[in-house]
Amino acid sequence: MKKLEIVGYKRSTLGTKGSKDLRLEALAPCVLYGGEEQVHFAVPMILFRELLYSADVYEVELNIEGDIHRAILQDAQFHPVNEMILHVDFLEIDSKKPIKIEVPIKIVGNSPGVIKGGKMVQKLRKVSLRGLVSNIPDFVTADISGLDLGQTVKVNKLVVEGCEILNPLSNPVATIEIPRALRGKLTA
């Protein structure tokens, strides 16, 4: 996993009013759980740009007033109208305990079906994995080099060393669709 450092400040006031005051100062209220105790803190919203608006998976090093915590992003809540960050949850990670995380899928290979005029459609963008932090990859590759028109690669064809795939194995990852123009030619 890629690494990212975020610097935060402990929160003195909790609750709705405290959170609103933080947002007015362009700070996102955050909580870190999964460790010995929950830590409530605030982070400048601009520091979340790389973490939230990227498909990559990051191991976050949280520096909360000098205390260093290793964590992953668990959840982020946004305002429904203006997309402002309302709240961010982090899960503290331990190198001995398995974690559950979604990792992006990268399509590789040239499909004969696409060369014949088919359209490659990616049905699944991320796959859920469970494993130790050291075994979590940056991405999972799905090879489409053997797919012809109308064929699909499913989750059971994905290979991840040291991790368990949590998605149903029969779910499609990518398929080569037959365009309307080719359907008439193939049946005639």
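In case you missed it, the structure is sitting above this.
Residues numbered from 1 in each chain as written. Predicted model: local features only at pLDDT ≥ 70, side-chain atom pairs only at ≥ 80, totals over all residues. Heavy atoms only, no water.

Undergrad: Please give an account of the sheet that holds strand E5 (residues 67–78) that cites residues and values.
TA: Around the barrel, which closes on itself, the six strands sit in the order E1-E3-E2-E6-E5-E4 with mixed pairing between neighbours. Strand-to-strand twist of the sheet, defined as the mean angle between neighbouring strand axes without regard to direction, takes the value 45 degrees. Sheet topology places strand E1 (residues 2–10) next to strand E4 (residues 58–64); seven bridges connect them, and they run parallel. The residue of E4 that forms the bridge with isoleucine 6 is leucine 62. (Pairing = 2+ DSSP bridges. Helix = DSSP H or I, 4+ residues; strand = E, 2+ residues; numbered from the N terminus. Axes fitted to C-alpha atoms, helices over the stretch in contact; angles between N-to-C directions.)

Undergrad: Can you break down the pairing of strand E7 (residues 99–108) residue by residue, with the values?
TA: Pairing between E7 and strand E9 (residues 126–131): six bridges, direction antiparallel. Bridge assignment links lysine 100 to a residue of E9, and that residue is arginine 130. Summarising the sheet, E7 and strand E10 (residues 140–143) pair through four bridges and their orientation is parallel. Looking at the pairing, valine 108 lines up with aspartate 143 of E10.

Undergrad: Go over the sheet that holds strand E11 (residues 152–154), please, and point to the residues and values.
TA: An order of E8-E13-E11 is seen for the three strands of this open sheet, with the pairing classed as antiparallel. The open sheet terminates on both sides in strands that have one partner only, identified here as strand E8 (119–122) and E11. Along the sheet, successive strands turn relative to each other by an average axial angle of 10 degrees, direction set aside. Relative to strand E13 (residues 172–177), E8 runs antiparallel, the two sharing four bridges. When the sheet's bridge partners are listed, methionine 120 is paired in E13 with isoleucine 176.

Undergrad: Any details on the environment of alanine 42? Residues and values, ideally.
TA: Looking at the secondary structure, you find alanine 42 in strand E3 (residues 39–44). Sequence spacing of alanine 42 and alanine 71 is 29 residues, and the spatial spacing of their C-alpha atoms is 15 Å. Those residues in contact with alanine 42 that lie beyond four places of it in its chain are Gly8, Tyr9, Arg11, Leu22, Leu27 and Ala28. (Contact = heavy atoms within 4.5 Å.)

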